[in-house]
Amino acid sequence: MPEGIKKKRSAVFIDLGILEYKRALDLQLQILHSKINLPSTDDRLFFVEHPAVFTLGKRGGQENLGVSKDFLRTKGIDVVKTDRGGNITYHCPGQAVLYPVIDLEKNKIHVKDFVHGLEEIMKLTAQDFDVSADRDERNHGLWVGDSKIGSVGLAIKKGISIHGLAMNINPDLDPFSWINPCGLTNVSMTSIENEIKKNSSANDEKINLDLPYCDLSMTRIKKSFQRHFSSVFNYSILN
């Protein structure tokens with residue numbers, strides 16, 4: 001290989017479809033333990049949507065839940081404690097989640113750079129839809145103005161990452177109003193669909209979300225995540 005050209009890292013990309021949060025976490029932990037016991041185990045990228053669920057991070061978050069457990073029970077929504085960084089968040093269909101189980105130590109990726117890169121993947125994905133989003137010093141993740149569109153939460157075990165990013169594509173945003181997202185007060189959540197509609201309204205245009213350029217399918221999002229993960233972290237993605 002010519003001097004100065006870095007060999008591409010590689011990861012296996014797995015589309016889990018819609019899968020319960022705890023089952024997706026179990027899969028991450030299985031790969032984590034495999035990589036600890038057998039370092040040659042491939043890095044994995046799990047792409048998934050979850051049925052509606054609130055998750056709590058290391059910083060807790062129960063205090064930022066504004067509705068009762070009885071209310072959530074009537075909605076069929078669980079609250080799950082996790083070991084990821086951060087506070088409370090919400091997952092549901094229409095939100096694209098990427099869980100990279102990556103050996104950061106082996107690949108010489110610093111945690112700070114990894115978080116920055118995950119934010120960059122969401123930023124580039126938003127740009128694919130002409131949505132301008134960026135980082136904000138208030139909290140890790142991705143923002144459109146004062147509204148949050150994507151979150152990052154990780155746990156690192158023996159140099160290996162689990163958990164990852166969650167980006168709102170076209171979910172029902174109402175349940176986010178039942179919490180202080182990521183423990184932040186007076187913060188609203190937005191989505192790619194919401195921002196496309198806002199942009200069209202600002203430009204006094206009628207929008208048809210069925211048109212190809214407004215394709216919000218998870219198939220398109222998956223391709224964006226694959227492409228941007230590959231470019232940001234210098235990875236070959238294996239399907």
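This section reports on the structure supplied with the text. (Residues numbered from 1 in each chain as written. Predicted model: local features only at pLDDT ≥ 70, side-chain atom pairs only at ≥ 80, totals over all residues. Heavy atoms only, no water.)

**Side note on the overall build of the chain**
Here's step 1: Helices and strands together make up the secondary structure of the chain, namely five helices and 12 strands.
Here's step 2: Principal-axis analysis of the C-alpha atoms places the extent of the chain at approximately 55 × 45 × 30 Å.
Here's step 3: Long-range pairs, those at least 24 residues apart, make up 74% of the contacts in the chain between residues at least 6 apart in sequence.
Here's step 4: Of the roughly 12100 Å² that the chain leaves accessible, carbon and sulfur atoms contribute 48%.
Here's step 5: Taking the average place of the 31 positive charges on the side chains of the chain and the average place of its 30 negative ones, the gap between the two points comes to 6 Å. (Helix = DSSP H or I, 4+ residues; strand = E, 2+ residues; numbered from the N terminus. Contact = heavy atoms within 4.5 Å. Areas by Shrake-Rupley, 256 points an atom, 1.4 Å probe, with all protein chains shown as cover. Lys, Arg positive; Asp, Glu negative; His and termini not counted. Charge placed at Lys NZ, Arg CZ, Asp CG, Glu CD.)

**Looking at the pattern of salt bridges**
Here's step 1: For the structure on display, the rule yields 11 salt bridges.
Here's step 2: Notably, a salt bridge pairs Asp-15 with Lys-222, separated by 3.1 Å at the nearest N-O pair. Of the two residues, Asp-15 is situated in strand 1 (residues 9-18) and Lys-222 in helix 5 (residues 218-233); the sequence distance between them amounts to 207 residues.
Here's step 3: Residue classification places Asp-15 among the partly exposed residues on the basis of a relative accessible area of 41%.
Here's step 4: Ionic pairing is found between Lys-157 and Asp-83, a salt bridge with its closest N-O pair at 2.9 Å. With Lys-157 in strand 9 (residues 147-157) and Asp-83 in the loop between strand 4 (78-81) and strand 5 (89-91), this pair connects stretches of sequence that are 74 residues apart.
Here's step 5: When its relative accessible area of 31% is taken as the criterion, Lys-157 is described as partly exposed.
Here's step 6: Since its relative accessible area comes to 25%, Asp-83 is described here as partly exposed. (Salt bridge = Lys/Arg side-chain N within 4 Å of Asp/Glu carboxyl O. Buried < 20%, exposed > 50% of the residue type's maximum accessible area, 1.4 Å probe, protein only.)

**Quick notes on the sheet that holds strand 5**
Here's step 1: Taken together, three strands build an open sheet; the order of strands is 4-3-5 and the sheet is mixed. Looking along the sheet, the strands with just one partner apiece sit at the ends: strand 4 and strand 5. For this sheet the average axis-to-axis angle between neighbouring strands, irrespective of direction, equals 30 degrees.
Here's step 2: Examined bridge by bridge, strand 3 (residues 53-56) and strand 4 share four bridges and lie parallel to one another. Bridge pairing links Thr-55 to Val-80 in strand 4. (Pairing = 2+ DSSP bridges. Axes fitted to C-alpha atoms, helices over the stretch in contact; angles between N-to-C directions.)

**So, unusual backbone geometry**
Here's step 1: Within the chain, His-163 stands out as a residue other than glycine whose phi angle is a positive 65 degrees.
Here's step 2: The buried category is assigned to His-163, whose relative accessible area is 1%.

**Things to note about the nonpolar core**
Here's step 1: Core analysis: the biggest nonpolar cluster contains 36 residues, and Leu-118, Ile-192, Phe-225 and Phe-229 have the highest contact counts within it.
Here's step 2: Among the elements that make up this core, the one with the highest residue count is helix 3 (residues 111-127) (six residues).
Here's step 3: Other than its neighbours up to four places away in sequence, Phe-229 contacts Leu-45, Leu-98, Pro-100, Ile-102, Leu-118, Ile-121, Asn-234, Tyr-235 and Ile-237.
Here's step 4: Core analysis: the second largest hydrophobic core is formed by 18 residues, Tyr-21, Val-101, Ile-160 and Ala-166 among them. (Core = buried A, V, L, I, M, F, W, Y, C linked by side-chain atoms within 4.5 Å.)

**Overview of the environment of Asp-215**
Here's step 1: Looking at the element boundaries, Asp-215 is found in the loop between helix 4 (192-202) and helix 5.
Here's step 2: By relative accessible area, which is 28% here, Asp-215 ends up partly exposed.
Here's step 3: Along the chain, Asp-215 and Ala-96 lie 119 residues apart, while their C-alpha atoms are 14 Å from each other.
Here's step 4: Dropping the residues within four chain positions of it, Asp-215 is found in contact with Phe-129 and Arg-220.
Here's step 5: Within polar-contact distance, the side chain of Asp-215 engages the side chain of Ser-217 at 2.9 Å. (Polar contact = N/O pair within 3.5 Å; in protein donor to acceptor, adjacent residues only side chain to side chain.)

**Considering helix 5**
For an α-helix the count is 3.6 residues per turn, leaving residues at separations of three or four pointing the same way.
Here's step 1: Under the 1.5 Å per step criterion, the end-to-end length of helix 5 is 22 Å for 16 residues, consistent within 8% with the ideal 22 Å.
Here's step 2: Restricting attention to buried positions, one finds in helix 5 the residues Met-218, Ile-221, Lys-222, Ser-224, Phe-225, Gln-226, His-228, Phe-229, Ser-230 and Phe-233.
Here's step 3: Packed against the buried residues of helix 5 are strand 1, strand 2 (43-49), strand 6 (95-101), helix 3, strand 10 (160-168) and strand 12 (235-238).
Here's step 4: Once helix 5 finishes, Asn-234 follows within two positions and takes phi at roughly 60 degrees, a positive value. (Expected span 1.5 Å × (residues − 1).)

**Digging into the environment of Phe-46**
Here's step 1: Relative to the helices and strands, Phe-46 is located in strand 2.
Here's step 2: On the basis of relative accessible area, Phe-46 is assigned to the buried category, the value being 4%.
Here's step 3: Spatially, the C-alpha atoms of Phe-46 and Ile-14 are 5.0 Å apart, while their sequence positions differ by 32 residues.
Here's step 4: Phe-46 has contacts with Ile-14, Leu-16, Leu-27, Gln-28, Ile-31, Val-97, Leu-98, Tyr-99 and Val-101, leaving out every residue within four places of it along the chain.

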